[in-house]
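Letter by letter, the chains look like this.
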Amino acid sequence: MKPNMQSTLQAVGVLRHYCGYPHFVLSVAIAAENPDRLQNIRKEVYLPVAKLCHAELANVEKNIRTIRDVIMRNDGADLLEEMTGSSCWKKRTPYPKEIIGIFAEYFADELKKENLLASKLP
């Protein structure tokens, strides 16, 4: 059975006390709902997250980079290889857009069931 997103994040050291935790989870949910939003990530992902979380856009971006860095410090390359089937993550750190996209694709079914964004997006 595939683990859920919360337990996967916990396994790589991303706990709820990080400021970026809700920013990352909402970004993944937005991308899962419509992956094309990642093409204009600032406007179509980060801005709605900033509004929903009552945060500054720059803080959302910074906090998501922090989450990405924590993931990569804690065996994230192995996790991403498992999620994507590619070992390229051992050679380079993914951009925030890439890690959001990977999580969105991997957990799309879970996120759709939870309907995390129901009536929250502007």
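Structure: above.
Quick caveat: nothing in here was measured; it's all calculated off a predicted structure.

Conventions and cut-offs
- Residues numbered from 1 in each chain as written.
- Predicted model: local features only at pLDDT ≥ 70, side-chain atom pairs only at ≥ 80, totals over all residues.
- Heavy atoms only, no water.
- Axes fitted to C-alpha atoms, helices over the stretch in contact; angles between N-to-C directions.
- Helix = DSSP H or I, 4+ residues; strand = E, 2+ residues; numbered from the N terminus.
- Parallel < 35°, antiparallel > 145°, perpendicular 65-115°, else oblique.
- Contact = heavy atoms within 4.5 Å.
- Nonpolar A, V, L, I, M, F, W, Y, C, P; charged D, E, K, R; others polar.
- Buried < 20%, exposed > 50% of the residue type's maximum accessible area, 1.4 Å probe, protein only.
- Arc of directions from axis to C-beta.

Asker: Tell me about the packing of helix α2 (residues 20-33) against helix α4 (residues 57-73), and name the residues and values.
Answerer: Axis separation between α2 and α4 bottoms out at 8 Å; the angle between their running directions is 90 degrees. One element, α2, and the other, α4, form an angle in the roughly perpendicular class. Of α4, the residues touching α2 (which contributes Gly 20, Tyr 21, His 23, Phe 24 and Ser 27) are Asn 59, Val 60, Asn 63, Ile 64, Ile 67 and Ile 71. Among the residues forming the contact of α2 with α4, the class breakdown is six nonpolar, five polar and no charged.

Asker: Tell me about helix α5 (residues 76-84), and please be specific about residues and values.
Answerer: Along α5, the residues classified as buried are Gly 76, Ala 77, Leu 79, Leu 80 and Met 83. The buried residues of α5 all sit within an arc of 160 degrees when viewed along its axis, so they share a single face. Considering only its buried residues, α5 is in contact with α1 (5-11), α4 and α6 (96-106). Gly 85, located one to two residues past α5, shows a positive phi value of around 80 degrees.

Asker: How would you sum up the packing of helix α3 (residues 41-53) against α4? Please name residues and give values.
Answerer: The geometry of α3 relative to α4 is characterised by a closest axis approach of 9 Å and an angle of 100 degrees between their N-to-C directions. Considering the angle they form, α3 stands roughly perpendicular to α4. On the side of α3, the interface is formed by Arg 42, Tyr 46, Leu 47, Val 49 and Ala 50, while α4 contributes Leu 57, Val 60, Glu 61 and Ile 64. Residue classes in the contact of α3 with α4 are distributed as seven nonpolar, no polar and two charged.

Asker: Report on the side chain of Ser 27, specifying residues and quantitative values.
Answerer: Among the structural elements, Ser 27 can be located in helix α2. Non-local contacts of Ser 27, meaning those with residues more than four positions away in its chain, are made with Val 45, Tyr 46, Val 49, Ile 64 and Ile 100.

Purely geometric stuff here, so don't read any function into it on its own.
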